[in-house]
Amino acid sequence: MSDIVCKIGHKEIDRQHEELELLIGQIDGFCVRSGEEGAACEQCPDAQIVLCRQQASDIVRHLLKFVSMHFRYEQELMRRLPDNEECRDHVRRHQLAHAELSAQISRIAGQLREGAPFALATKIQTVLENWTGAHIAGLDRRMSELHRGHHNGELDDDAELAVLLDRHVHS
Ligand SMILES: [Fe+2]
Ligand SMILES: [Fe+2]
């Protein structure tokens, strides 16, 4: 794991976070100038920009699908927390944070229909890099602590969660 993502002690969620980090790192992979200083779509012909826009949209769509599955997985785990004030407050704040991030990424992704793909892709990358580390170290870690305090071990063999993962793998 890198400096962005820390382990929270839940095997499946830690695995998903690693995959998320990989996807974030690949967002700008469609651009041949990626990594060059001052890279921008204005340096490329229109036909290339159209192609890049399509590739960027595909990458971001895949990423959003993964993020949505990951959030559903965490929300399923939270549904298993006890019904007390501390847990209810955590679930409310955690779900709100997921909803806000999803809305923010979807908003930028919507601009890919017409905007410069490289600038928009790197904007999504920066938003996710900044958000992910703090969210995992804060709310995700706390969720794992609350979960460990009330359950024994992993829930990987839980039927509902297994179905959720299976659906994602085969979609
Ligand atoms: Fe997470
Ligand atoms: Fe989360």
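See the structure printed just above.
All values derive from a computational prediction rather than experimental measurement.

Each helix and strand in the protein was counted, giving five helices and zero strands. Secondary structure elements of the protein, listed N to C terminal, follow the sequence α-α-α-α-α. Looking at the protein as a whole, 19% of its 171 residues are labelled buried. Nonlocal contacts in the protein, meaning residues at least 24 apart in sequence, comprise 77% of its contacts between residues at least 6 apart.

Let's shift gears to the packing of helix H2 (residues 46-79) against helix H4 (residues 117-150). Between H2 and H4, the least distance of the axes is 12 Å, while the angle of their chain directions is 10 degrees. One finds that H2 runs roughly parallel with respect to H4. For the pair H2 and H4, the contacting residues are Ile49, Cys52, Arg53, Ala56, Val60, Glu74, Leu77 and Met78 in the first and Pro117, Phe118, Leu120, Ala121, Ile124, Met143 and His147 in the second.

Right, let's talk about H4 for a bit. His135 marks where H4 bends most, by close to 45 degrees. Those residues of H4 lying buried are Pro117, Phe118, Leu120, Ala121, Ile124, Leu128, Ile136, Leu139, Asp140, Met143, Leu146 and His147. Contacts from the buried residues of H4 go to helix H1 (11-26), H2 and helix H3 (85-110).

Here the focus is the nonpolar core. Grouped together as the largest cluster of nonpolar side chains are 16 residues, with contacts concentrated most on Ile27, Ala56, Val60, Ala121 and Ile124. Mapped onto this core, the elements with two or more residues apiece are H2 and H4. Residue contributions to this core peak at six residues, all from H2. Sequence-distant contacts of Val60, defined by excluding residues within four places in its chain, comprise Ala109, Leu112, Ala121 and Ile124.

Bringing the packing of H3 against H4 into the picture now. Where H3 contacts H4, the axes come no closer than 11 Å and their chain directions differ by 170 degrees. Regarding the angle of H3 to H4, the classification is roughly antiparallel. Residues Cys87, His90, Arg93, His94, Ala97, Leu101, Gln104, Ile105, Ile108 and Ala109 of H3 touch H4, and the partners they reach there are Leu120, Lys123, Ile124, Val127, Trp131, His135, Leu139, Arg142, Met143 and Leu146. Of the residues contributing to the contact of H3 with H4, the split by class is 13 nonpolar, four polar and three charged.

About the criteria used
Residues numbered from 1 in each chain as written. Chains lettered and ligands numbered in written order. Predicted model: local features only at pLDDT ≥ 70, side-chain atom pairs only at ≥ 80, totals over all residues. Helix = DSSP H or I, 4+ residues; strand = E, 2+ residues; numbered from the N terminus. Buried ≥ 20, exposed ≤ 12 C-beta atoms within 10 Å, placed from the backbone. Contact = placed C-beta atoms within 7 Å. Axes fitted to C-alpha atoms, helices over the stretch in contact; angles between N-to-C directions. Parallel < 35°, antiparallel > 145°, perpendicular 65-115°, else oblique. Bend = angle between axes of the 7 residues up to and from the residue. Core = buried A, V, L, I, M, F, W, Y, C linked by C-beta atoms within 7 Å. Nonpolar A, V, L, I, M, F, W, Y, C, P; charged D, E, K, R; others polar.

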